[in-house]
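Results of the structural survey
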Amino acid sequence: MFKKSTIALAVSTCFLLTGCLEVEDNSNDDLISAIENQNNSAQEAETATLSGSVKNVVSDSLVANAQIQIKVGNTWSEPVALANGLFELSNVPTYSDYTLLITSTDDSFQERAFYGSTGLGISQLGTLLVTSTETVEFAALLDAENTPIKDLQFSYSTSSGVNDSTWQSRNEHFISASYNNETNLYSIEKPIGWDYPITVDMDVDNDNVNEYKFTLGYHYDSTILFSELNDSSTILFDTADDVIEYQLRVKVINDLGQIFKDIELVASSNDFEANPLTFDESTNEYVYDFIGSSSLNVMLSAFIDENEQSYLSDSFVVAEDGDNITVGGLYNQGNFSVENNVVSVVFKPEKGTETTQVDLISNTYNQETNGYYLFFTKPVELTDESITLTKNETLSVIPGSESDADSVPVGSTFFKFIDKEFETTSKMSLNDTFVEVLPNQTLDIGSYSYTLSSVIDKETQLPSRNSLRTSFLVSDKTEFSISDIRIDNNNGLKSGELIHLTNTAGESASFSSKSNEAMLYLPSSIVSLSDLSITVTGYTNNGNKYPYYQEYNIVSEEQFYGGDLVHLASTAINETVYGDTNNVILHTSLPDSMMYRRSIGWNISRLNDNQSNSVNAVSLEYEYKVKGSKDVITGTATLPVL
C-alpha cells in the first residue's frame, strides 16, 4: 500500500499545547527559522484553536484518564491530559491538515485517531467517540487440509474524519492481529459496539499476487466483519491460483452432424489478437491450448459450405466461474463438457441468407496501438466513409493579427474547438468478417473517436448501416519528471513583468487588470504513474514564510484525482477573447500546451509572482510510483510562483 509514512519529511513542525515548537530536519534552514519565528512577536501569524469532548460509547459518559496528542506535519506533540473529558488545543496552524490521537492511561478504551483540517479561528469538533475492546482468538486454516496459515495479516482501523473527506488516504492508524506459534491462533482487539471490516492481506510475499483466497461463503474479496469473528472462530482459505490452464477442443457441425473441416476459428483473450485454432484430423476437432488468467473469446468466421449454403460469424466465451470452467454464448447452438482440464465444445453455426442483415458482434479499442477491431456476422466491404477517426474538440486559436482574410478583428482572439479527422488503414481477415483499423500517424495527447457509419454486405452488395461511436483518450507517452510540475498565479505576469506588453492591436497592456489565481499545474505525463502524493509543507508570501500542511493524493492505485485537463493559451491581459474559452487558461506564464490544473489552498492562491526582491514560493514533498514498478520515489522541492 502506498502510504505517506514512507516520505522523509523535510520540515517537521510541532505546535504543542505549551506553545513550544520542535523541528527535526535542518535541510531547509530558512523555512525552519521562519516557522520558529511564528511563535514570537516578530511574526504574528494567525493560528487556529481546536476544542471538543471525548465520550465512551460503552459507558455513555465523558472519558476519564484520557490524553490527547496532535500532529501537524510529521511530529507529534507531547500527550496532554484531558480535563473531565474536555480538550482545547491552541496555536495550531491555520488551513492545515492535522491528526488527533486520543489514548487511555488505564486501558479503559481503545486509542482512536481523528483526521481533519483547520480553518481560521476556533473550530468546535463536538463529541469524539471511543470504545472499549475485548480480545478474540481465531484460527486461519487451509481448507480440506485443516493446516494453520501463519503468515496472513489481519488489520482494521477505527480512525475517523472530523471535517475532511480525504482522511482515508491519510490514515496511518491500524490495529493488527498477532499470531501465537504455540496455539496456532491469531488474536486481535475487538471494539465493543462497532462492527468494523477487517482487511486480510493474502499477498504474503508482496509480489502483487495473492497466495490465498477465501473459500466460498465469504461475501468480500479481502475483508470480513467483526460480526463474523468471535472467540474460537475458524476462517477457511484456499490457495489462490490466478492462472488457469486447459485445452479447448471444438467440433463445428451442420444440421446433419457433419464436420466442417476447412473454416477459420481464432481465440483471443483481449478481443484484438487472433490466435488460430489448429485442426486435429484424428478427432475432427479444432484445438487450442490456453494458459492465462482471463476469459477466452473464440471467434468463428462466416463461410460458405460446398453446397453454397452461407453461415454467419459467431463467437462464444470460455471463462472461469469459481472453481469451474464454463462456456457462455452457445445458446441453442451447441453444448460443452469439461473433464481433466479439457473443454470440449460442439458448435452448430447459424445459417445465413441474402436477407440476413450484417450485425456487429464485437468492437474493441487497443490502447497500445490506438487501433480499432471489429467483428461482423457476415463478410463486409468497406468504403472510405465506413470507419473514420477524429480527434475531438481540438483547440483552434485565431489571433486578430494573423490574417486579413478572416473576420477576427485586431485586438481580439477567437477560440473554437473543432473535430479533426485522421487518415487510417484497414485490414480484413476471417473471411472479411474481422476488421483491423490503425491510424496512419502517431496520435498526440487528446480525446479521439472511431465512428462506424455503414459497411457493404459482401453477399448482397447492399449497404448496411451500423452507427456506432467509440471514444478513447490518448495519454502522454513521455517519461514523468517531477521538475515539470509548476505553480502559476495566472495573472498575466512573469517575475512581475507583463508577459505580453501589447495586444494584437498593438495597444499597451495594463498591470492591474488581472488578479492572482495561483494553482498547481501537472504535466500530462502524470498518466504514467500508479501513485502520486504531494504534501505542501509551507509557503513564502512576499518574503514572509508561513507554516502550512496539506496533503493531496493526485494518483492513487491508478485512480486519478489530479484535476482538470486544460488548454494553455497565453494572451495579453487587454486582449478581447471570444468563442469557446470554457476549458482554456488565457493568462498563464506557461507554454501553450495541455496540463492538469488543480487548487492547492486558498492561502496559496493569493501569492504574487516570485521575484528576486520579493520571494513567493511553495515548499512541498512528493512521492510517486511509475506504473509497473514497485519503487517509491520521494523528495522535496520548492516551487517559485510564476
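Reading guide: rules and limits
Position numbers for residues count from 1 along each chain, tracking the sequence in the order it is written. Where totals are concerned, whole chains, interfaces and linings use all residues; where local detail is concerned, this predicted model gives features only for residues with pLDDT of at least 70, and gives and counts side-chain atom pairs only at 80 or more. For side-chain calculations, the full set of non-hydrogen atoms in the structure is used, while hydrogens and water are omitted. Put simply, DSSP H or I for four residues or longer makes a helix, DSSP E for two residues or longer makes a strand, and each gets a number counted from the N terminus. C-alpha atoms define the radius of gyration, and 2.2 Å times the number of residues to the power 0.38 defines the globule rule. Relative accessible area decides the class of each residue, using a 1.4 Å probe on protein chains only: under 20% of the type maximum gives buried, over 50% gives exposed, and in between gives partly exposed. Contacts: residue pairs with any heavy atoms within 4.5 Å of one another. Values of accessible area rely on a 1.4 Å probe in the Shrake-Rupley scheme; residue burial ignores everything except the protein chains shown. When DSSP finds two or more bridges between a pair of strands, those strands are recorded as paired. Each axis is a line fitted through C-alpha atoms, and for a helix only the stretch in contact is used; angles between axes span 0 to 180 degrees, taken between their N-to-C directions. By definition, a salt bridge exists where a carboxyl oxygen of Asp or Glu is found within 4 Å of a side-chain nitrogen of Lys or Arg. The predictor's confidence in any single residue is recorded as pLDDT, a number from 0 to 100. Nonpolar cores were defined as sets of buried Ala, Val, Leu, Ile, Met, Phe, Trp, Tyr and Cys residues, with membership established by side-chain atoms within 4.5 Å.

With that out of the way, let us pick up the overall build of the chain. A tally of helices and strands in the chain yields three helices and 56 strands. Taken over the C-alpha trace, the chain has a radius of gyration of 32 Å; the compact-globule value for 642 residues is 26 Å, which it surpasses by more than 25%. Structurally, the chain occupies a C-alpha span of about 100 × 85 × 40 Å along its principal axes. Every one of the 642 residues in the chain was classed for burial, and the buried ones make up 48%. Counted over contacts in the chain with a minimum sequence separation of 6, partners at least 24 positions apart contribute 66%. Of the accessible surface of the chain, which amounts to about 31,200 Å², a share of 44% is contributed by carbon and sulfur atoms.

Here we come to the sheet that holds strand β33 (residues 342–347). Sheet strands pair by backbone hydrogen bonding; their relative direction is either parallel or antiparallel. With respect to topology, five strands assemble into an open sheet ordered β25-β26-β22-β33-β32, the strand pairing being mixed. Sheet topology places β25 (278–280) and β32 (334–339) at the edges, where each strand pairs with a single neighbour. Each neighbouring strand pair of the sheet contributes to a mean axis angle of 25 degrees, computed without reference to strand direction.

We now examine unusual backbone geometry. In the Ramachandran plot, Tyr95 falls in the positive-phi region, its phi being about 50 degrees despite a non-glycine side chain. Within the secondary structure layout, Tyr95 lies in the loop between β7 (86–93) and β8 (97–104). Taking the relative accessible area as the measure of exposure, Tyr95 reaches 25% and is therefore partly exposed. In the Ramachandran plot, Asp432 falls in the positive-phi region, its phi being about 65 degrees despite a non-glycine side chain. Examined against the element boundaries, Asp432 turns out to sit in the loop between β40 (424–429) and β41 (434–439).

On to the pattern of salt bridges, then. Tallying each qualifying case throughout the model produces 15 salt bridges. In this structure, the salt-bridge partner of Lys351 is Asp255, at a minimum N-O distance of 2.9 Å. In this pair, Lys351 sits in strand β34 (residues 351–352) while Asp255 sits in the loop between β22 (244–252) and β23 (265–268), placing the two residues 96 residues apart along the sequence. Ionic pairing is found between Asp444 and Lys391, a salt bridge with its closest N-O pair at 2.9 Å. Taken together, the positions of Asp444 in the loop between β41 and β42 (446–457) and Lys391 in strand β38 (residues 387–399) put the pair 53 residues apart, joining distant regions of the chain. One connected set of salt bridges, linked through shared partners, spans Asp97, Arg170 and Glu551.

A few words now on the confidence of the model for the chain. Residues with a pLDDT of 70 or more make up 91% of the chain, whose mean pLDDT is 86. Taken together, the stretch residues 1–44 has pLDDT below 50 and engages in 93 contacts with residues farther than four places along the chain or on a different chain.

Right, let's talk about the nonpolar core for a bit. If you look at the biggest cluster of nonpolar residues, it comprises 30 residues, and the most contacted ones within it are Ile526 and Ile534. The set of elements that each furnish at least two residues to this core consists of β47 (519–523), β48 (529–541), β49 (544–556), β54 (593–598) and β55 (617–626). Here this core takes five residues from β48, the largest share from any one element. When neighbours within four sequence positions are excluded, Ile526 is seen to be in contact with Phe480, Leu532, Ile554, Val555, Phe560 and Tyr596. The next biggest cluster of nonpolar side chains, apart from the first, holds 26 residues, and it includes Val252, Leu296, Val298 and Phe347.

A few words on the environment of Lys150. Along the chain, the position of Lys150 falls in the loop between β12 (147–148) and β13 (153–156). The class of Lys150 is partly exposed, set by a relative accessible area of 46%. Separated by 62 residues in the primary sequence, Lys150 and Tyr212 have C-alpha atoms spaced 12 Å apart. Those residues within four positions of Lys150 in sequence are excluded, and the remaining contacts are Tyr179, Asn181, Asn184 and Tyr186.

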